[in-house]
Amino acid sequence: MKPGYFSLVLHAHLPYVRHEEEHRLEERWVYEAISETYIPILWQIDRLKRPLHWTVSISPPVIEMLADPLVQDRYVTHLDEMLELIALELSEGRSEAEVSTLHFYERRYQDLKNTFLHWNKNLNQAFRTYREHGYIDMVTCTATHGFNPHLFTDQAARAEIRSGLNCFERHYGFRPTGIWLPECAYTPGVDRILYEEGVRYTFVDEHALLEADPTPDKGIGAPVYSPNGVALFPRDQIISGKIWSSMIGYPGHPDYREFYRDLAYDRDWEYIQSFMHPEGIRFDTGLKMHRITGDTDEKDYYIRDWAEHQIHNHATDFAQTLEAHLEAHAGQTFPPFLVTAPFDAELFGHWWFEGPEFLGQVAERLEEFGIETITPALFLERHFQDLQTVHVSMNTWGRKGYGDVWINERNEWMLRHLHMMETQLVKDVADYRGTSPLVDRALKQLIRHYVLAVSSDWAFILDGQTTAQYAAERFREHARLFAELETALYEDKLSDQLLDEHYRAYPFLQDEDVEIDTFLSPHDYYVTTEREPEQAAILVLAPEFTGNIIGELGHRVVGEVEARAAEGETVYVLTPHKEGLPEYERHGSVHIYRVRLTSPFLEHVMNQVAAQNIAYVKLVHELVSVVRFKAVHHFDWMTIPAARSLAKSLAVPLYSTMLSFETTRNPHGHGGLFDAIHRIENSVLTDAAAVFVGTDVSIDELASRYAVKDNVKPCLAPDASPYGQNV
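Computed from a predicted model, the values in this text were never measured in an experiment.

Here we come to the sheet that holds strand 7 (residues 231-234). Across the sheet, which stays open at both edges, the three strands sit in the order 5-7-6 with mixed pairing between neighbours. Of all strands in the sheet, those bounded by a partner on one side alone are strand 5 (201-204) and strand 6 (224-225). Summarising the sheet, strand 5 and strand 7 pair through four bridges and their orientation is parallel. Across the sheet, the residue bridging to Val204 is Pro234, located in strand 7.

Structural data, given as structure tokens:
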């Protein structure tokens, strides 16, 4: 056995294009994927009948469409029409080369039909069976392939992930521990949600690891752990490029089938029109009679024997290349070198017609060459203790490696609508959850409309400008349906009939897949599901509670909060948002909110301070509907404006802890910023019930520079409560 491993991952995904009305052109995308990719891959798995260690990711839209009786029946009709067209072609006295290819298609389409009917028209059953036999492993994707970096709230990210897992489990009978993040898009923080949802591994492009902090010792030769313990398997671009690259890849060989030349465009309209769209639209039949031939518009006929010869050559070449790659890294141990090769499944068969057979022959060559294949799940089982933990920034496998495909001048307009829908869902769920079964059903339908709108496919299609009109119309339709149903909710005009109509339009996901609570904000979830009657709370504003405790002030804040909690107090801590840390955490009676700015980043420090204070005030005004505060305590000059404002509006005492002042930090300071901070610090001395100053601060000296009153006192020991007896 050669040193190292090879792991193949195939991700099957299409947008949800199921329509009740007949003859939608987009529904043909499903037929093409079934005929050219899904069944041919199943043929290879069935032919080899042994553990291949392939990991097949199948997205919920594909799962749902494969299970849909309407799609199933229409696919059989499609196959019959194809066989009818082939029979017509054979009756027309075509050339010898054409007849040979037509006989190949005749056998192939009959085999497609036999296989489809063998699995009772539901290919989910086929994949499930082969997984249960141990031939392949399976994972899934998020509900509708939402592009994670552009999701505005944790709730939306969790809803996409959990709904996807729920749908997969309903159809496949188990909950996978791996997931394919759409577009291999990773953002710091999504790993926390994945881990909380039971996901232990996912896939990223190789630059995610090469640019990680720190750079992994094994480079891309091993997965790494994210800060929250999710294993990230990197795509090996050298090996993957042998397959997908237009420069060095196999699919462009002249003997392979030409994708862009279809029989529909080689025949007169009068001849072909009965197989075309009833409204006179000419589309690809799937019968592609030519081979790539070369860099020319003049294409020669497809010769199946030649293509099969190249499949054999290329499978052998791939195995030899992989062997050399692994031997070059043979010195790596703990763990041995791993090549991860993730692909869109539709590359094999749809775009590269001979691709599934290539995969099958590669599996045979690897066995002959003694190269061990492995699934990510099995790799983690063997080597979980050998992986390094690193910080990975936002990245994707798309153009330029980041989000360029999914946000640009052609599709950026969608984002503001998506973010509005997200925030509305958070509000609607908090306000209406549990009101009645009808309302809960409506909330699930709102979530369904949202996830259908957030699919990355619409932005991808708009970027590529292929079927842009359809993508834009689909997005606008889901946004319109969302608004229509939300209005009915607000105006108390919901009915079972209305909800039935909305569901029938796009019957995606069962109600059991959609969990309303995923759209509760973290605090609303606590309030509605876990909280017992809570006493009045102390509100703490502190920039030094971000997770990394820095300096004396940071230790002071944490020490005091923990001391008050130990005394039985309920404490709400508001601190700035930090990437990678949760927006909300609860530790016993301590609630920690890491507050995002609601405005764009502003460079000037005073603008940042103002924006952060506004965000604090806005959040507290939301919290007071469920929390009663009895005191406000701040720990830094930057939080004084919000602390003063909130103490006044809540009509509660204000406490201040200032371990230093601008004049003690910078005794010779002057200028606009110095004066501004001095003015802000002075303001709290007049309003606070008590101002506790650091031991290094001389109150007498302070009095020479500030309007000090008798409310200024040295800091107490952390275990001594600073609050008055009336609080």
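Now for the pairing of strand 11 (residues 570-576). Burial of strand 11 is extensive: seven of the seven residues sit out of reach of the surface. In terms of strand pairing, strand 10 (residues 537-541) meets strand 11 through five bridges, oriented parallel. Along strand 11, the bridge assignment pairs Ala537 with Thr570. Pairing of strand 11 with strand 13 (residues 590-595), which is carried by six bridges, proceeds in the parallel orientation. Each residue of the ladder has a partner; that of Thr575, found in strand 13, is Arg594.

The final tally for this structure, using the stated rule, is 40 aromatic pairs. Ring geometry for Tyr105 and Tyr109: centres 6.4 Å apart, planes at 45 degrees, overall tilted. Taken together, the positions of Tyr105 and Tyr109, both in helix 4 (residues 96-118) and four residues apart, correspond to about one turn of that helix. Per residue, the accessibility class of Tyr105 equals that of Tyr109, and both read buried. On the numbers, 5.5 Å between centres and 85 degrees between planes, the contact of Trp413 with Phe475 is edge-to-face. You can see Trp413 sitting in helix 14 (residues 413-432) and its partner Phe475 sitting in helix 17 (residues 468-490), a full 62 residues away along the chain. Note on Phe475: relative accessible area 1%, which makes it buried.

Spatially, 12-13-11-10-14-15-16-17 is the arrangement adopted by the eight strands of the open sheet, whose pairing is mixed. With partners counted over all chains shown, the strands left at the sheet margins are strand 12 (584-587) and strand 17 (712-714), one partner each. Each adjacent strand pair in this sheet contributes to an overall mean axis angle of 20 degrees, direction not counted. The sheet contacts of helix 20 (residues 551-566) involve strand 10, strand 11, strand 13, strand 14 (629-634) and strand 15 (654-658), and relative to strand 11 the element is tilted by about 160 degrees.

Packing of helix 3 (residues 69-90) against helix 4 leaves a shortest axis separation of 10 Å and a crossing angle of 160 degrees. Here helix 3 is positioned roughly antiparallel relative to helix 4, judged by the angle of their axes. As helix 3 packs across helix 4, the resulting crossing turns out to be left-handed. Facing helix 3, whose interface residues are Gln72, Tyr75, Val76, Leu79, Asp80, Met82, Leu83, Ile86, Glu89 and Leu90, helix 4 presents Val99, Leu102, His103, Tyr105, Glu106, Tyr109, Gln110, Leu112, Lys113, Phe116 and Leu117. Residue composition of the contact of helix 3 with helix 4, grouped by class: 14 nonpolar, three polar and four charged.

What follows deals with the packing of helix 1 (residues 28-48) against helix 12 (residues 355-369). At a closest axis distance of 8 Å, the pairing of helix 1 and helix 12 adopts a crossing angle of 25 degrees. In terms of orientation, helix 1 lies roughly parallel with respect to helix 12. The chirality of how helix 1 crosses helix 12 is right-handed. Listed contacts from helix 12 to Glu36, Pro40, Ile41, Gln44, Arg47 and Leu48 of helix 1 are Pro356, Glu357, Gly360, Gln361, Ala363 and Glu364.

Moving on: helix 5 (residues 123-132). Residues of helix 5 that are buried: Leu123, Asn124, Ala126, Phe127 and Tyr130. Angular distribution of buried residues about the axis of helix 5 spans 160 degrees; they occupy a single face of the element. Summarising the contacts, the buried residues of helix 5 are in contact with helix 1, strand 2 (54-58), helix 2 (60-66), helix 4, strand 3 (136-141) and helix 6 (154-172). Here helix 5 starts with a cap whose side-chain oxygen sits 3.0 Å from the backbone nitrogen of Asn124, and that cap is Asn122.

Another aspect to go through is the UniProt feature "binding site: substrate" (unreviewed entry) in the protein. The UniProt feature table records "binding site: substrate" (unreviewed entry) at Arg235, Gly252, Trp397 and Asp457. Separation in sequence by 223 residues is matched in space for these annotated residues, since their most distant C-alpha atoms are 25.5 Å apart. Note on placement: Gly252 falls in the loop between helix 9 (237-244) and helix 10 (269-272). For Gly252, a relative accessible area of 52% corresponds to the exposed category. Each residue touching Asp457, except ones within four places of it in the same chain, is listed here: His13, Pro15, Thr144 and His145. Side chain to side chain, Asp457 and Ser455 meet in a polar contact 2.6 Å long.

A separate point is the pattern of salt bridges. On inspection of all chains with the given rule, the structure shows 55 salt bridges. In this structure, Glu323 and Lys2 form a salt bridge, with 3.2 Å as the shortest nitrogen-oxygen distance. Within this pair, whereas Glu323 is found in helix 11 (residues 304-328), its partner Lys2 is found in the segment before strand 1 (5-12), the two being separated by 321 residues in sequence. In this structure Glu323 comes out as buried when scored by relative accessible area, which is 19%. Exposure remark for Lys2: the relative accessible area of 24% places this residue in the partly exposed category. Linked through salt bridges whose partners overlap, the residues forming this network are Asp154, Arg158, Arg162, Arg192, Glu196, Glu197 and Glu515.

Reading the values: the criteria
Residues numbered from 1 in each chain as written. Predicted model: local features only at pLDDT ≥ 70, side-chain atom pairs only at ≥ 80, totals over all residues. Heavy atoms only, no water. Pairing = 2+ DSSP bridges. Helix = DSSP H or I, 4+ residues; strand = E, 2+ residues; numbered from the N terminus. Buried < 20%, exposed > 50% of the residue type's maximum accessible area, 1.4 Å probe, protein only. Phe/Tyr/Trp six-rings, centres within 6.5 Å; stacked < 30°, edge-to-face > 60°. Axes fitted to C-alpha atoms, helices over the stretch in contact; angles between N-to-C directions. Contact = heavy atoms within 4.5 Å. Parallel < 35°, antiparallel > 145°, perpendicular 65-115°, else oblique. Left-handed = near helix turned anticlockwise from the far one by under 90°. Nonpolar A, V, L, I, M, F, W, Y, C, P; charged D, E, K, R; others polar. Arc of directions from axis to C-beta. Polar contact = N/O pair within 3.5 Å; in protein donor to acceptor, adjacent residues only side chain to side chain. UniProt positions renumbered as here; feature names shortened; annotations may be inferred. Salt bridge = Lys/Arg side-chain N within 4 Å of Asp/Glu carboxyl O.

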